[in-house]
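# Coordinate inspection notes
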Amino acid sequence: MMRVIVTNSYDEMSTEAAKIVAGQIYLKPDSVLGLATGSTPLSMYKKLIAVHEMIGLDFSQVTTFNLDEYIGMAPDNPQSYHYFMHHNFFDFINIKPENIYIPDGMAKDIVAEGKRYDALIEAKGGIDLQILGIGQNAHIGFNEPDIKFEATTHKVRLDEETIQANSRFFQTEEEVPRYAISMGIKTIMLAKKVVLLANGRNKAEAIYNTVCGSISPSAPASILQLHRDATVIVDKEAASLL
Ligand code: GLP
């Protein structure tokens, strides 16, 4: 069953998401969180940092697994998702460095890295709460349309639309990596709870296909209709086609 929460603004969407994450950690201090990059969850991270600073939300026993990383991108490269997570979140909370997991885009053997990553998630007892953004083509993580629903962490080729959308973070479109390592749909579906966030008019079609469309690999996020505990939190613009 999919729950849809329509909020008035990006700020309200972020507050609702931060409350769910904070509530999860409050009830289970050793929670395993699945985390996403992108502009969408940025404000949620800021709000969680504020809750940590103001009322001491404790991340010392929390473990995190990020969804994805560009292939060939070193962790200290400012465009990498490693860098993004540290500079927008991890550096400001009391999470232990050894409890932070992000796929290694520099791994020589990406297949082995995918297997290692999935085994680590399993060894930690699975993901309690997975945060997701969504691409304009309804991709989640980097699971582009026509992905296999049974995929676990694996190498993916980015769609032209995604390369174009992500080029805003690079000087030129040529610099956007063409490949990434991403948790698969199966990895995401195995999370006990999923919260997907979207804001802005450019996500409206993806949200419509996710919530109202038929379950199809052409809109990867539509599989979440089969998830046991999925919540979609959107602002008015992203909800405009619902
Ligand atoms: C990237 C990431 C996704 C993210 C998507 C949307 O492709 N791999 O995890 O959800 O972009 O990003 P944004 O939130 O910036 O719109």
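Only a predicted model underlies this, so the values are computations on that prediction, with no experimental measurement involved.

## Concerning the UniProt feature "domain: Glucosamine/galactosamine-6-phosphate isomerase" (unreviewed entry) in the protein
With numbering aligned to this structure, UniProt lists the feature "domain: Glucosamine/galactosamine-6-phosphate isomerase" (unreviewed entry) at residues 29-231. Secondary structure across residues 29-231 divides into 28% helix and 16% strand, with the first and last C-alpha atoms of the span separated by 21 Å.

## Description of the site of the ligand
The immediate surroundings of the ligand are formed by 14 residues, with Ala36, Gly38, Ser39, Thr40 and Gly133 found nearest. Across the shell around the ligand, the residue classes tally to four nonpolar, nine polar and one charged.

## Looking at the pairing of strand β10 (residues 230-235)
Most of β10 sits inside the fold, with six of its six residues counted as buried. Where burial is concerned, the two faces of β10 agree: the one with Ala230, Val232 and Val234 and the one with Thr231, Ile233 and Asp235 are both buried. The pairing of strand β1 (residues 2-7) with β10 spans six bridges and is classified as parallel. Bridging from a neighbouring strand, methionine 2 pairs with alanine 230 of β10. In this fold, the crossover linking strand β9 (residues 193-198) to β10 by way of helix α7 (residues 204-211) has right-handed handedness.

Rules and cut-offs
Residues numbered from 1 in each chain as written. Predicted model: local features only at pLDDT ≥ 70, side-chain atom pairs only at ≥ 80, totals over all residues. UniProt positions renumbered as here; feature names shortened; annotations may be inferred. Helix = DSSP H or I, 4+ residues; strand = E, 2+ residues; numbered from the N terminus. Near = placed C-beta within 6 Å. Nonpolar A, V, L, I, M, F, W, Y, C, P; charged D, E, K, R; others polar. Buried ≥ 20, exposed ≤ 12 C-beta atoms within 10 Å, placed from the backbone. Pairing = 2+ DSSP bridges. Right-handed = clockwise from strand over helix to strand, strands pointing away.

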